[in-house]
Amino acid sequence: MTQYSLFATCPRGLEQPLADELAALACQEIRPVEGGVACKGTLEQVYRINLHSRVASRVLLRLSKAAYRNENDIYKLAKNIRWFNWFTLEQTFKVKVEGKRANVKSLDFTALKIKDAVCDAFREIYDQRPNVGKIHPDIRIHAFIAEREIEIFIDTSGEALFKRGYRQDTGEAPLRENLAAGLLLLAGYNGSRPFQDPFCGSGTLAIEAAWIAANRAPGLMRRFGFEQLQNFDKALWVKLRQEAKAALRPVAAPIGGSDNDRRMIHAAKANAEAAEVAEYIDFEIKDAQAVRPNGDNGIMLSNPPYGVRLAEVQALQALYPQLGSWLKQHYAGWLVGMFTGDREMPKFMRLSPKRKIPLYNGNLDCRLFLMDMVKGSNR
(Lines give C-alpha, C1' and ligand atoms only; values in the text may rest on other atoms or scores of the structure.)
Protein backbone atom coordinates (compact mmCIF):
# COMPACT_ATOMS: atom_id res chain seq x y z
CA MET A 1 0.00 0.00 0.00
CA THR A 2 1.18 3.53 -0.75
CA GLN A 3 2.48 5.45 2.27
CA TYR A 4 1.24 9.03 2.40
CA SER A 5 2.49 12.01 4.38
CA LEU A 6 -0.35 12.89 6.74
CA PHE A 7 -1.04 15.72 9.13
CA ALA A 8 -3.69 15.32 11.84
CA THR A 9 -4.74 18.61 13.41
CA CYS A 10 -5.97 18.88 17.02
CA PRO A 11 -6.75 21.45 19.73
CA ARG A 12 -3.51 23.01 21.03
CA GLY A 13 -2.25 21.09 24.06
CA LEU A 14 -3.53 17.70 22.86
CA GLU A 15 -0.62 16.91 20.54
CA GLN A 16 0.75 14.16 22.82
CA PRO A 17 -2.53 12.24 23.30
CA LEU A 18 -2.99 12.44 19.50
CA ALA A 19 0.55 11.14 18.89
CA ASP A 20 -0.25 8.23 21.25
CA GLU A 21 -3.41 7.45 19.26
CA LEU A 22 -1.50 7.50 15.97
CA ALA A 23 1.14 5.17 17.44
CA ALA A 24 -1.64 2.77 18.53
CA LEU A 25 -2.91 2.83 14.92
CA ALA A 26 0.59 1.83 13.70
CA CYS A 27 1.36 5.09 11.88
CA GLN A 28 5.05 5.73 11.12
CA GLU A 29 7.43 8.69 11.60
CA ILE A 30 5.14 10.36 14.18
CA ARG A 31 6.13 13.96 14.87
CA PRO A 32 4.07 16.26 17.12
CA VAL A 33 4.22 19.97 16.26
CA GLU A 34 2.08 22.82 17.59
CA GLY A 35 -1.55 22.24 16.62
CA GLY A 36 -1.18 18.70 15.31
CA VAL A 37 0.90 15.65 14.51
CA ALA A 38 2.66 14.76 11.26
CA CYS A 39 3.02 11.07 10.38
CA LYS A 40 3.18 8.56 7.53
CA GLY A 41 0.38 6.14 6.84
CA THR A 42 -1.49 4.11 4.21
CA LEU A 43 -5.03 4.67 3.00
CA GLU A 44 -6.19 2.13 5.56
CA GLN A 45 -4.60 4.21 8.31
CA VAL A 46 -6.27 7.35 6.95
CA TYR A 47 -9.63 5.59 7.37
CA ARG A 48 -8.69 4.25 10.80
CA ILE A 49 -7.56 7.64 12.16
CA ASN A 50 -10.80 9.27 11.01
CA LEU A 51 -12.85 6.47 12.53
CA HIS A 52 -10.97 5.95 15.80
CA SER A 53 -9.14 9.13 16.82
CA ARG A 54 -10.88 10.83 19.73
CA VAL A 55 -8.76 13.99 19.69
CA ALA A 56 -7.94 14.75 16.03
CA SER A 57 -9.81 17.65 14.38
CA ARG A 58 -8.97 16.75 10.77
CA VAL A 59 -6.81 14.26 8.89
CA LEU A 60 -5.01 15.93 5.98
CA LEU A 61 -3.17 14.02 3.24
CA ARG A 62 -0.24 15.86 1.67
CA LEU A 63 -0.20 16.20 -2.13
CA SER A 64 2.76 18.53 -2.48
CA LYS A 65 5.49 20.29 -0.54
CA ALA A 66 7.96 22.77 -2.04
CA ALA A 67 9.85 26.01 -1.62
CA TYR A 68 8.27 29.14 -3.10
CA ARG A 69 9.31 32.73 -3.78
CA ASN A 70 5.96 34.27 -4.68
CA GLU A 71 2.32 33.58 -5.54
CA ASN A 72 3.20 32.48 -9.08
CA ASP A 73 5.38 29.67 -7.73
CA ILE A 74 2.45 28.58 -5.59
CA TYR A 75 0.12 28.66 -8.63
CA LYS A 76 2.52 26.46 -10.65
CA LEU A 77 2.94 24.00 -7.80
CA ALA A 78 -0.83 23.67 -7.35
CA LYS A 79 -1.43 23.35 -11.11
CA ASN A 80 1.02 20.44 -11.37
CA ILE A 81 -0.90 18.30 -8.88
CA ARG A 82 -2.91 15.57 -10.62
CA TRP A 83 -6.22 16.70 -9.18
CA PHE A 84 -8.28 14.40 -11.44
CA ASN A 85 -6.76 11.41 -9.59
CA TRP A 86 -8.52 12.69 -6.47
CA PHE A 87 -11.84 14.14 -7.62
CA THR A 88 -14.04 14.73 -10.65
CA LEU A 89 -15.38 17.71 -12.59
CA GLU A 90 -18.84 17.13 -11.12
CA GLN A 91 -17.63 17.62 -7.54
CA THR A 92 -17.44 20.98 -5.79
CA PHE A 93 -14.30 22.08 -3.95
CA LYS A 94 -13.12 24.73 -1.52
CA VAL A 95 -9.62 26.03 -0.71
CA LYS A 96 -8.47 27.13 2.74
CA VAL A 97 -5.07 28.71 3.32
CA GLU A 98 -3.28 29.23 6.64
CA GLY A 99 0.13 30.75 7.16
CA LYS A 100 2.86 31.52 9.65
CA ARG A 101 5.22 34.34 8.56
CA ALA A 102 4.09 33.68 4.97
CA ASN A 103 5.78 35.77 2.27
CA VAL A 104 2.63 36.45 0.27
CA LYS A 105 0.46 39.55 -0.31
CA SER A 106 -2.46 37.95 1.51
CA LEU A 107 -3.66 34.48 2.40
CA ASP A 108 -7.00 35.15 0.67
CA PHE A 109 -5.24 36.12 -2.56
CA THR A 110 -3.11 32.96 -2.34
CA ALA A 111 -6.26 30.86 -1.87
CA LEU A 112 -7.62 32.41 -5.09
CA LYS A 113 -4.38 31.52 -6.94
CA ILE A 114 -4.66 27.89 -5.78
CA LYS A 115 -8.35 27.78 -6.77
CA ASP A 116 -7.44 29.12 -10.24
CA ALA A 117 -4.66 26.52 -10.54
CA VAL A 118 -7.08 23.67 -9.73
CA CYS A 119 -9.64 25.00 -12.25
CA ASP A 120 -6.97 25.48 -14.95
CA ALA A 121 -5.59 21.96 -14.39
CA PHE A 122 -9.07 20.52 -15.06
CA ARG A 123 -9.74 22.90 -17.96
CA GLU A 124 -6.59 21.77 -19.80
CA ILE A 125 -7.86 18.18 -19.85
CA TYR A 126 -11.66 18.47 -19.98
CA ASP A 127 -12.26 21.99 -21.35
CA GLN A 128 -14.36 22.51 -18.25
CA ARG A 129 -13.75 23.46 -14.64
CA PRO A 130 -15.26 22.15 -11.39
CA ASN A 131 -17.35 24.49 -9.24
CA VAL A 132 -16.42 26.02 -5.93
CA GLY A 133 -18.70 24.96 -3.05
CA LYS A 134 -18.63 27.50 -0.23
CA ILE A 135 -20.95 25.83 2.29
CA HIS A 136 -20.76 22.02 1.89
CA PRO A 137 -17.99 21.31 -0.62
CA ASP A 138 -17.41 17.69 -1.69
CA ILE A 139 -13.65 18.26 -1.55
CA ARG A 140 -11.66 20.46 0.82
CA ILE A 141 -8.13 21.56 -0.08
CA HIS A 142 -5.87 23.00 2.64
CA ALA A 143 -2.61 24.86 2.18
CA PHE A 144 -0.13 25.77 4.93
CA ILE A 145 2.38 28.48 4.04
CA ALA A 146 5.54 29.04 6.05
CA GLU A 147 8.26 31.62 5.40
CA ARG A 148 9.82 29.74 2.47
CA GLU A 149 7.80 26.58 2.07
CA ILE A 150 4.26 25.59 1.17
CA GLU A 151 2.41 22.32 1.72
CA ILE A 152 -0.83 21.48 -0.09
CA PHE A 153 -3.19 18.87 1.38
CA ILE A 154 -6.48 17.22 0.58
CA ASP A 155 -8.79 16.89 3.57
CA THR A 156 -9.89 13.29 4.22
CA SER A 157 -12.26 14.17 7.09
CA GLY A 158 -14.81 16.50 5.52
CA GLU A 159 -16.67 18.04 8.44
CA ALA A 160 -14.34 18.52 11.44
CA LEU A 161 -14.00 15.33 13.49
CA PHE A 162 -15.36 16.82 16.71
CA LYS A 163 -18.75 16.71 14.97
CA ARG A 164 -19.53 13.18 16.08
CA GLY A 165 -23.14 13.27 14.94
CA TYR A 166 -24.91 13.06 18.31
CA ARG A 167 -25.17 16.65 19.47
CA GLN A 168 -28.80 17.81 19.63
CA ASP A 169 -28.57 21.00 21.61
CA THR A 170 -25.26 22.68 22.29
CA GLY A 171 -26.05 24.94 25.20
CA GLU A 172 -24.21 28.26 25.43
CA ALA A 173 -20.51 27.50 25.13
CA PRO A 174 -20.14 23.76 24.72
CA LEU A 175 -16.86 21.95 25.08
CA ARG A 176 -15.90 20.50 21.71
CA GLU A 177 -16.12 16.74 21.72
CA ASN A 178 -12.47 16.12 20.79
CA LEU A 179 -11.27 18.52 23.50
CA ALA A 180 -13.51 16.73 26.04
CA ALA A 181 -12.09 13.35 24.98
CA GLY A 182 -8.55 14.74 25.22
CA LEU A 183 -9.15 15.94 28.79
CA LEU A 184 -10.38 12.45 29.72
CA LEU A 185 -7.29 10.83 28.18
CA LEU A 186 -4.97 13.31 29.95
CA ALA A 187 -6.68 12.40 33.26
CA GLY A 188 -5.98 8.71 32.52
CA TYR A 189 -9.66 7.77 32.18
CA ASN A 190 -10.18 4.39 30.46
CA GLY A 191 -13.60 3.30 31.72
CA SER A 192 -12.37 1.10 34.58
CA ARG A 193 -13.10 3.67 37.34
CA PRO A 194 -16.30 5.52 38.32
CA PHE A 195 -16.72 8.89 36.60
CA GLN A 196 -18.57 12.09 37.54
CA ASP A 197 -18.99 15.59 36.14
CA PRO A 198 -20.84 17.87 38.62
CA PHE A 199 -21.03 20.79 36.12
CA CYS A 200 -22.03 18.67 33.14
CA GLY A 201 -23.85 21.25 30.98
CA SER A 202 -25.06 19.48 27.83
CA GLY A 203 -23.22 16.29 28.85
CA THR A 204 -20.22 16.22 26.52
CA LEU A 205 -17.64 14.94 29.05
CA ALA A 206 -19.94 12.21 30.38
CA ILE A 207 -20.89 11.09 26.84
CA GLU A 208 -17.26 10.99 25.66
CA ALA A 209 -16.42 9.05 28.86
CA ALA A 210 -19.17 6.53 28.04
CA TRP A 211 -17.78 6.18 24.50
CA ILE A 212 -14.29 5.50 25.88
CA ALA A 213 -15.69 3.02 28.42
CA ALA A 214 -17.74 1.25 25.71
CA ASN A 215 -14.71 1.21 23.38
CA ARG A 216 -16.88 2.96 20.82
CA ALA A 217 -15.14 4.42 17.74
CA PRO A 218 -16.10 8.12 17.69
CA GLY A 219 -16.60 8.11 13.91
CA LEU A 220 -19.26 5.39 13.73
CA MET A 221 -22.18 7.83 13.34
CA ARG A 222 -20.90 10.02 10.54
CA ARG A 223 -19.64 10.34 6.96
CA PHE A 224 -16.14 11.40 5.91
CA GLY A 225 -14.44 13.38 3.17
CA PHE A 226 -12.47 10.33 1.94
CA GLU A 227 -15.74 8.70 0.86
CA GLN A 228 -15.87 11.36 -1.91
CA LEU A 229 -12.36 10.71 -3.22
CA GLN A 230 -11.63 8.83 -6.45
CA ASN A 231 -9.47 6.24 -4.70
CA PHE A 232 -12.11 5.41 -2.04
CA ASP A 233 -11.92 1.71 -1.15
CA LYS A 234 -15.47 0.91 -0.13
CA ALA A 235 -14.87 -2.74 0.73
CA LEU A 236 -12.02 -1.82 3.09
CA TRP A 237 -14.16 0.88 4.73
CA VAL A 238 -17.09 -1.52 5.30
CA LYS A 239 -14.66 -4.01 6.89
CA LEU A 240 -13.17 -1.37 9.23
CA ARG A 241 -16.62 -0.21 10.35
CA GLN A 242 -17.70 -3.79 11.04
CA GLU A 243 -14.55 -4.39 13.12
CA ALA A 244 -15.25 -1.21 15.11
CA LYS A 245 -18.84 -2.30 15.81
CA ALA A 246 -17.67 -5.76 16.88
CA ALA A 247 -15.23 -4.15 19.37
CA LEU A 248 -18.00 -2.47 21.41
CA ARG A 249 -18.20 -3.62 25.04
CA PRO A 250 -20.60 -2.98 27.94
CA VAL A 251 -19.67 -0.14 30.30
CA ALA A 252 -18.33 -1.57 33.58
CA ALA A 253 -18.08 1.38 36.02
CA PRO A 254 -20.77 4.02 36.79
CA ILE A 255 -20.85 7.36 34.93
CA GLY A 256 -22.69 10.36 36.37
CA GLY A 257 -23.37 13.91 35.26
CA SER A 258 -25.21 16.65 37.11
CA ASP A 259 -26.03 20.33 36.71
CA ASN A 260 -28.30 22.75 38.54
CA ASP A 261 -29.85 23.87 35.23
CA ARG A 262 -32.90 21.76 34.35
CA ARG A 263 -32.71 22.74 30.67
CA MET A 264 -29.09 21.60 30.47
CA ILE A 265 -29.88 18.18 31.95
CA HIS A 266 -32.73 17.84 29.45
CA ALA A 267 -30.23 18.59 26.63
CA ALA A 268 -27.64 16.21 28.11
CA LYS A 269 -30.18 13.36 28.20
CA ALA A 270 -31.18 14.04 24.58
CA ASN A 271 -27.51 14.04 23.53
CA ALA A 272 -26.80 10.78 25.42
CA GLU A 273 -29.85 9.20 23.79
CA ALA A 274 -28.62 10.25 20.33
CA ALA A 275 -25.12 8.96 21.20
CA GLU A 276 -26.64 5.58 22.14
CA VAL A 277 -25.21 5.66 25.69
CA ALA A 278 -28.21 6.93 27.70
CA GLU A 279 -28.39 3.60 29.59
CA TYR A 280 -24.85 4.07 30.93
CA ILE A 281 -25.09 7.65 32.26
CA ASP A 282 -27.00 8.82 35.31
CA PHE A 283 -27.90 12.50 34.75
CA GLU A 284 -29.36 14.52 37.67
CA ILE A 285 -30.51 18.08 38.31
CA LYS A 286 -28.38 18.93 41.33
CA ASP A 287 -26.30 21.67 42.84
CA ALA A 288 -22.62 20.63 42.66
CA GLN A 289 -22.14 20.52 46.43
CA ALA A 290 -25.13 18.19 46.85
CA VAL A 291 -23.45 15.56 44.64
CA ARG A 292 -21.87 12.49 46.28
CA PRO A 293 -19.42 9.91 44.84
CA ASN A 294 -20.89 7.12 42.71
CA GLY A 295 -18.10 4.72 43.77
CA ASP A 296 -14.57 4.56 45.19
CA ASN A 297 -11.33 5.86 43.66
CA GLY A 298 -13.11 7.44 40.73
CA ILE A 299 -12.25 10.27 38.36
CA MET A 300 -14.10 13.57 38.48
CA LEU A 301 -13.55 15.80 35.48
CA SER A 302 -15.34 19.07 34.98
CA ASN A 303 -15.37 22.32 33.05
CA PRO A 304 -16.93 24.51 35.78
CA PRO A 305 -18.34 27.91 34.81
CA TYR A 306 -15.70 30.61 34.81
CA GLY A 307 -16.50 34.27 34.71
CA VAL A 308 -15.53 36.65 31.96
CA ARG A 309 -16.68 39.86 33.65
CA LEU A 310 -15.03 40.90 36.91
CA ALA A 311 -18.21 40.58 39.01
CA GLU A 312 -18.69 36.99 37.77
CA VAL A 313 -15.08 36.13 38.51
CA GLN A 314 -15.39 37.48 42.06
CA ALA A 315 -18.67 35.61 42.67
CA LEU A 316 -17.09 32.35 41.49
CA GLN A 317 -13.91 32.87 43.49
CA ALA A 318 -16.08 33.25 46.60
CA LEU A 319 -17.60 29.84 45.80
CA TYR A 320 -14.27 28.03 45.23
CA PRO A 321 -13.33 27.52 48.93
CA GLN A 322 -16.73 25.81 49.47
CA LEU A 323 -16.07 23.55 46.47
CA GLY A 324 -12.65 22.73 47.88
CA SER A 325 -14.12 21.74 51.26
CA TRP A 326 -16.82 19.66 49.58
CA LEU A 327 -14.21 17.74 47.55
CA LYS A 328 -11.98 17.11 50.58
CA GLN A 329 -14.92 15.98 52.67
CA HIS A 330 -16.51 13.56 50.18
CA TYR A 331 -14.04 12.68 47.44
CA ALA A 332 -11.01 11.24 49.26
CA GLY A 333 -9.25 8.73 47.00
CA TRP A 334 -10.57 10.36 43.81
CA LEU A 335 -8.61 12.11 41.07
CA VAL A 336 -10.24 15.48 40.40
CA GLY A 337 -9.63 17.37 37.16
CA MET A 338 -10.83 20.95 36.68
CA PHE A 339 -10.57 22.52 33.22
CA THR A 340 -10.78 26.29 33.53
CA GLY A 341 -9.69 29.66 32.21
CA ASP A 342 -9.12 30.79 35.81
CA ARG A 343 -5.47 30.15 36.78
CA GLU A 344 -6.21 31.03 40.41
CA MET A 345 -8.83 28.33 40.89
CA PRO A 346 -6.77 25.76 42.89
CA LYS A 347 -5.41 28.52 45.13
CA PHE A 348 -8.94 29.68 46.03
CA MET A 349 -10.04 26.06 46.52
CA ARG A 350 -7.02 25.61 48.82
CA LEU A 351 -5.88 22.61 46.81
CA SER A 352 -2.50 21.77 45.30
CA PRO A 353 -2.62 20.39 41.76
CA LYS A 354 -0.18 17.57 40.99
CA ARG A 355 -0.27 18.58 37.30
CA LYS A 356 -1.15 21.79 35.45
CA ILE A 357 -1.61 21.15 31.74
CA PRO A 358 -1.85 24.20 29.43
CA LEU A 359 -4.59 23.83 26.79
CA TYR A 360 -6.72 26.03 24.60
CA ASN A 361 -10.50 26.05 24.41
CA GLY A 362 -10.81 27.74 21.02
CA ASN A 363 -8.63 30.83 21.54
CA LEU A 364 -9.09 30.82 25.29
CA ASP A 365 -5.92 30.02 27.23
CA CYS A 366 -6.95 27.40 29.84
CA ARG A 367 -5.48 24.90 32.29
CA LEU A 368 -6.38 21.37 33.24
CA PHE A 369 -5.61 21.07 36.97
CA LEU A 370 -5.31 17.46 38.15
CA MET A 371 -5.57 16.97 41.92
CA ASP A 372 -5.42 13.83 44.08
CA MET A 373 -7.98 14.13 46.87
CA VAL A 374 -6.74 13.26 50.34
CA LYS A 375 -9.34 13.27 53.11
CA GLY A 376 -9.53 16.46 55.13
CA SER A 377 -6.02 17.69 54.32
CA ASN A 378 -5.70 21.26 53.08
CA ARG A 379 -2.73 20.82 50.80
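Residues numbered from 1 in each chain as written. Predicted model: local features only at pLDDT ≥ 70, side-chain atom pairs only at ≥ 80, totals over all residues. Heavy atoms only, no water.

- Where an unreviewed UniProt entry is consulted, the protein chain appears under the name Class I SAM-dependent RNA methyltransferase, with the organism given as Neisseria lisongii.

## Structural notes on the sheet that holds strand β9 (residues 255-259)
Then, in step 1: On the basis of which strands lie adjacent, the open sheet formed by seven strands has the order β10-β9-β8-β11-β12-β14-β13 and mixed pairing. Edge strands, defined here as strands with exactly one partner in the open sheet, are β10 (281-285) and β13 (355-361). Sheet twist, expressed as the average angle between the axes of neighbouring strands with direction ignored, equals 15°.
Then, in step 2: Here strand β11 (residues 299-302) pairs with strand β12 (residues 335-340) via four bridges, running parallel. By the bridge assignment for β12, Met-300 is matched with Val-336.
Then, in step 3: Lying over the sheet, helix α8 (residues 262-274) contacts β9 and β10, oriented at roughly 165° with respect to β10. (Pairing = 2+ DSSP bridges. Helix = DSSP H or I, 4+ residues; strand = E, 2+ residues; numbered from the N terminus. Axes fitted to C-alpha atoms, helices over the stretch in contact; angles between N-to-C directions. Contact = heavy atoms within 4.5 Å.)

## Some remarks on the packing of helix α3 (residues 71-79) against helix α4 (residues 107-126)
Then, in step 1: Where α3 meets α4, the closest approach of the two axes is 8 Å, and the angle between their N-to-C directions is 35°. α3 and α4 meet at a crossing whose hand is right-handed. For the pair α3 and α4, contact is made by Glu-71, Asn-72, Ile-74, Tyr-75, Ala-78 and Lys-79 and by Phe-109, Thr-110, Lys-113, Ile-114, Asp-116, Ala-117, Asp-120, Ala-121 and Glu-124, respectively. (Left-handed = near helix turned anticlockwise from the far one by under 90°.)

## Brief notes about the environment of Gly-182
Then, in step 1: Along the chain, the position of Gly-182 falls in helix α5 (residues 177-186).
Then, in step 2: You can call Gly-182 buried: its relative accessible area is 0%.
Then, in step 3: Residues Gly-182 and Gln-16, 166 residues apart in the sequence, show an inter-C-alpha distance of 9.6 Å.
Then, in step 4: Other than its neighbours up to four places away in sequence, Gly-182 contacts Leu-14 and Val-55. (Buried < 20%, exposed > 50% of the residue type's maximum accessible area, 1.4 Å probe, protein only.)

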